[in-house]
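# Observations on the model geometry
So you can see what is in the structure, the chains are spelled out below.
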Amino acid sequence: MSAATVEPIARTDRLTDEESTWTTVVWDDPVNLMDYVTMVFMRYFGYPREKAEQLMIQVHNHGRATVAEGSKEEMEIAVHAMHGYGLQASVEKGGRE
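Residues numbered from 1 in each chain as written. Predicted model: local features only at pLDDT ≥ 70, side-chain atom pairs only at ≥ 80, totals over all residues. Heavy atoms only, no water.

### Here we look at the side chain of N32
Of note, N32 is situated in the loop between β1 (22-27) and α1 (34-45). Within the structure, the side chain of N32 is placed 3.0 Å from the backbone oxygen of G86, a separation counted as a polar contact. In this structure, N32 is in contact with V37, G86 and L87, ignoring residues within four places of it in sequence. (Helix = DSSP H or I, 4+ residues; strand = E, 2+ residues; numbered from the N terminus. Polar contact = N/O pair within 3.5 Å; in protein donor to acceptor, adjacent residues only side chain to side chain. Contact = heavy atoms within 4.5 Å.)

### Considerations on the confidence of the model for the protein chain
Considering every residue of the protein chain, the mean pLDDT works out to 86; 77% of them sit at 70 or more. In the model, residues 5-15 has pLDDT below 50 throughout and makes one contact with residues more than four positions away in sequence or in other chains. (pLDDT = per-residue confidence, 0-100.)

### Re the packing of α1 against helix α3 (residues 72-84)
A packed helix pair is summarised by two numbers, namely the angle formed by the two axes and the spacing between the axes. Running from N to C, α1 and α3 cross one another at 140°; their axes reach a closest spacing of 11 Å. With respect to α3, the axis of α1 lies oblique. As for how α1 packs across α3, the hand of that crossing is right-handed. Taken together, the residues of α3 that come into contact with α1 (itself represented by V40, F41, Y44 and F45) are I77, A78, A81 and M82. Among the residues making up the contact of α1 with α3, the classes are represented as eight nonpolar, no polar and no charged. (Axes fitted to C-alpha atoms, helices over the stretch in contact; angles between N-to-C directions. Parallel < 35°, antiparallel > 145°, perpendicular 65-115°, else oblique. Left-handed = near helix turned anticlockwise from the far one by under 90°. Nonpolar A, V, L, I, M, F, W, Y, C, P; charged D, E, K, R; others polar.)

### Some remarks on the packing of aromatic side chains
Scanning the entire structure with this criterion turns up three aromatic pairs. Relative to F45, the ring of Y44 has its centre 4.9 Å away and its plane inclined at 90°; by these criteria the two rings are edge-to-face. Here the aromatic rings of F45 and Y47 are separated by 5.5 Å at their centres, their planes lie at 25°, and the arrangement is stacked. The exposure class assigned to Y47 is buried, which follows from its relative accessible area of 16%. Three or more aromatic residues link up through ring pairs in this structure, and these residues are F41, Y44, F45 and Y47. Positioned over the ring face of Y47 is K51, at 5.3 Å from the centre of the ring. (Phe/Tyr/Trp six-rings, centres within 6.5 Å; stacked < 30°, edge-to-face > 60°. Buried < 20%, exposed > 50% of the residue type's maximum accessible area, 1.4 Å probe, protein only. Lys NZ or Arg CZ within 6 Å of the ring centre and 35° of its normal.)

So this is what it looks like as structure tokens:
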């Protein structure tokens, strides 16, 4: 009986953009009221008030908060929506803060 030859699986530590985690970051600004930012997070992302307020406080106190995580396309759509609400936002590659 001969031993079967097993080909090693090619592995890479780099994920493609489609496989990578992307985030939507909302930035602090001097224009929007805290209640408004909370409302946007509740309305667009469906967060309960407590979570939306926590994220809003993080934006206010730290200048930014990661508010969503997903595919690059999903995060680009979310950033576009945040801009539509008048919030400053960007897409970043990587995990949570």
